[in-house]
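Coordinate analysis (summary)
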Amino acid sequence: MIGQIYSCAAQVLSRAARTFRVRGARREALVPVLVLGVVVTAFAQGPGSPPGYKESDFLSRVRRLTIEGRRAGEGYWSPDGRRLVFQSEREPGNPFYQIYALDLATGDTKRISPGYGKTTCSFFRPGTDEILFASTHQDPKSKQLQQEELDFRASGKERRYSWDYDPEFEIYAYAEKTGKYARLTTARGYDAEASYSPDGQWIAFTSMRDAYNRTLSAAEQKQLEVDPSYFAEIYIMRADGSGQKRLTSVRGYDGGPFFSPDGKRIIWRRFDETGLIANVFTMNADGTDVRQITDFGAMSWAPYIHPSGQYILFASNKLGFENFEVYMVDLDGRKEPVRITSADGFDGLPVPSPDGRQLAWTSTRGGGSNGQIFLAQWNHAKALEALRAAPDRKR
């Protein structure tokens, strides 16, 4: 099932169904030497597509980028476009995600996280050798939990996948030159889904600390037991972990924040209180001027602004609960979203390269229910054309 793909998709599905979960120039010369890539035939555009457009209008030279491990996802570009940092289940003796950095020219991959515990949501810090990620590796029970999960899988039993909003998740920065980890958060509760501002000075992140730093009512305590993500809010802090400040305070899951290319705004997705509908929102980096961008009547999430600053790429299951596709919408949400992908199963977590000419995303189109990262050339001109042709959004 879709929730088995990777952490951030599983966070979304878990929130809705309680059994699943849902976050410098790239040179053309590097593309032909992607020795790990597997060329994939583009899928024809299906029902719900914009008239006259199909997937191959926007995406060309589609190839599978990761092949190792049980699954992989959430690939984010280095500022120079030469590497991706992502999460994958591939570490011997650890059934949970760990963080890896992939050199796109050579195909070399190295582990960034310690190798034990659970990890998620990594990001390169501009202008430095640091990489951000969330991890539970300082939990004394981390290795015990690994073994328990391995034993469960070995038993042959099965269960619905659900993302574990482990309150031991904290945010760390890894310095590649020294190999040292700096812990940036210490609050009780899930701290994850973090990303840097374009200047590398700020971090936007998701935290569920509000469920642990005060006395809950009986109803809230029950809500925490059923669905911790209900308490998730967006926070901001300096790159060294200081100055932590809460930006949102609306009931329901606020998560997956990213900065705009100019660093002035934050984009994220917000679930309603029922957990069935999610939409894309933006706000100033100080939490003011909140704007709802989509009103799609579905789970719309994993938004990322194209480097041009002209439109947003995101994922939605508008066409069916388990059929996530990549869409795009203008920056102000004045137009109806335009569908980009058209494959059965899952396509999501779209992230454009720093020069805006390529797209990395997570997909099951390679077969099976577990996702891997795919890469394609992105047609920016065709995207602008399709957005101009899209009908105005009905309000």
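Now for a description of the structure that goes with this document. The shown structure was predicted, so the numbers you read here are calculated from the model rather than taken from an experiment.

1. Re the overall build of the protein chain
Counting its secondary structure elements, the protein chain contains five helices and 25 strands. Relative to its 395 residues, the protein chain shows a buried fraction of 59%. Here the protein chain has roughly 15500 Å² of accessible surface; of this, 49% comes from carbon and sulfur atoms.

2. Focus: the nonpolar core
Core analysis: the largest hydrophobic core is formed by 62 residues, its most contacted members being Tyr76, Leu132, Ile203 and Trp301. The next biggest cluster of nonpolar side chains, apart from the first, holds 20 residues, and it includes Leu59, Tyr311, Val338 and Ala383.

3. Section: the pairing of strand 4 (residues 83-89)
Most of strand 4 is tucked away, with six of its seven residues classed as buried. Across five bridges, the pairing between strand 3 (residues 71-77) and strand 4 is antiparallel. Looking across to strand 4, one finds that Arg71 is bridged to Glu89. The antiparallel pairing of strand 3 with strand 4 creates a hairpin that spans five residues between the two strands, and Gly81 there sits at a positive phi of about 75°.

4. Structural notes on the sheet that holds strand 21 (residues 325-330)
The strand order 19-20-21-22 describes an open sheet built from four strands, whose pairing is antiparallel. Two strands bound the open sheet, and with one partner strand each, they are strand 19 (300-305) and strand 22 (338-339). As paired strands, strand 19 and strand 20 (residues 311-316) are joined by four bridges and run antiparallel to one another. Residue Tyr304 lies in a different strand from strand 20, and its bridge partner there is Leu313.

5. With respect to helix 3 (residues 142-154)
In this model helix 3 runs 19 Å from its N-terminal to its C-terminal C-alpha over 13 residues, within 8% of the 18 Å that 1.5 Å per residue would give. Every buried residue of helix 3 is listed here: Ser142, Gln146 and Glu149. The buried residues of helix 3 occupy an angular sector of 65° when the element is viewed end-on, so they sit on one face. Of the residues in helix 3, the exposed ones pointing more than 90 degrees away from the buried face are Lys143 and Ala154. Looking one or two residues past helix 3, Gly156 carries a phi angle of roughly 85°, positive in sign.

Criteria and cut-off values
- Residues numbered from 1 in each chain as written.
- Predicted model: local features only at pLDDT ≥ 70, side-chain atom pairs only at ≥ 80, totals over all residues.
- Heavy atoms only, no water.
- Helix = DSSP H or I, 4+ residues; strand = E, 2+ residues; numbered from the N terminus.
- Buried < 20%, exposed > 50% of the residue type's maximum accessible area, 1.4 Å probe, protein only.
- Areas by Shrake-Rupley, 256 points an atom, 1.4 Å probe, with all protein chains shown as cover.
- Core = buried A, V, L, I, M, F, W, Y, C linked by side-chain atoms within 4.5 Å.
- Pairing = 2+ DSSP bridges.
- Expected span 1.5 Å × (residues − 1).
- Arc of directions from axis to C-beta.

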